[in-house]
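Per-entry structural report
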Amino acid sequence: MKKMSNRKTFLTALSCMLISACPPAWAGDCVPEGMNEERAPVAMPDLFPAAIPLPDGYTLISASGGPADEYNPYPFAMLEFLAPIGKEALFSFYEQALPAAGYRIVMWEKDDGATGLRVRGDGIDLASFAIGEYDCQGYASISVSLLP
């Protein structure tokens, strides 16, 4: 059996050298795109509810917020951040942390294409969480419609 295994390894290595078709060593791992350069600091929107949990070590990459206007009947706050954990871990974090913070999950979606949550709670009409992965880190976009 060991002889057959060595032969397979030898043939694989030989075919890689002859046709230059060796799979990269990192093929199964995430390879950063180099987007972790220094960013200008982003301020948390004043209207963003302090009770919504954020994971340890997150990096805020964009944020906005504002009062109700002719297009949006509710005050709002939105933010995007990267977290030093993967998509699955970030989703699990929110599955546990949101109910613990007093929010009720009203929609839950998790598959290859779309992963996210929608919640309701005190002071908010609806908060939507879109969760993904970017540059080998967990990525989240949170949009909150606040009650007037």
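Since the model is a prediction, treat every value here as computed from it, not as a measurement.

Right, let's talk about the confidence of the model for the chain for a bit. The predicted model of the chain has a mean per-residue pLDDT of 81, with 73% of residues at 70 or higher. Scored below 50 in pLDDT, residues 1–28 makes 6 contacts in the model with residues more than four places away or belonging to other chains.

Before going further, it helps to spend a moment on the environment of Asp135. Within the fold, Asp135 resides in the loop between strand S5 (124–134) and strand S6 (137–146). Taking the C-alpha atoms as reference, Asp135 lies 9.0 Å from Leu82; in sequence the two are 53 residues apart.

As a rule of thumb, soluble globular proteins bury nonpolar side chains together. If you look at the biggest cluster of nonpolar residues, it comprises 22 residues, and the most contacted ones within it are Phe81, Tyr94, Phe129, Ile142 and Val144. Taken together, the elements giving at least two residues each to this core come down to strand S2 (76–83), helix H2 (87–100), strand S4 (115–121), S5 and S6. Setting aside residues up to four positions removed in sequence, Val144 forms contacts with Phe48, Pro49, Ile52, Pro75, Phe76, Ala77, Ile124, Leu126 and Ala127.

With that settled, consider the pattern of salt bridges. Evaluation of the coordinates by the stated rule reveals 2 salt bridges. With a shortest N-O distance of 3.0 Å, Glu88 and Lys110 are connected by a salt bridge. One end of the pair, Glu88, is in helix H2; the other, Lys110, is in strand S3 (residues 104–110), with 22 residues separating them in the sequence. Measuring nitrogen to oxygen at the nearest pair gives 3.5 Å for the salt bridge that ties Arg120 to Asp125. Judged by its relative accessible area of 24%, Asp125 falls in the partly exposed class.

Right, let's get into unusual backbone geometry. Positive phi outside glycine occurs at Asp135, with the angle close to 50°. The exposure class of Asp135 is buried, given its relative accessible area of 7%. The phi dihedral of Cys136 falls on the positive side, at around 65°, and the residue is not glycine.

Rules behind the numbers
- Residues numbered from 1 in each chain as written.
- Predicted model: local features only at pLDDT ≥ 70, side-chain atom pairs only at ≥ 80, totals over all residues.
- Heavy atoms only, no water.
- pLDDT = per-residue confidence, 0-100.
- Contact = heavy atoms within 4.5 Å.
- Helix = DSSP H or I, 4+ residues; strand = E, 2+ residues; numbered from the N terminus.
- Core = buried A, V, L, I, M, F, W, Y, C linked by side-chain atoms within 4.5 Å.
- Buried < 20%, exposed > 50% of the residue type's maximum accessible area, 1.4 Å probe, protein only.
- Salt bridge = Lys/Arg side-chain N within 4 Å of Asp/Glu carboxyl O.

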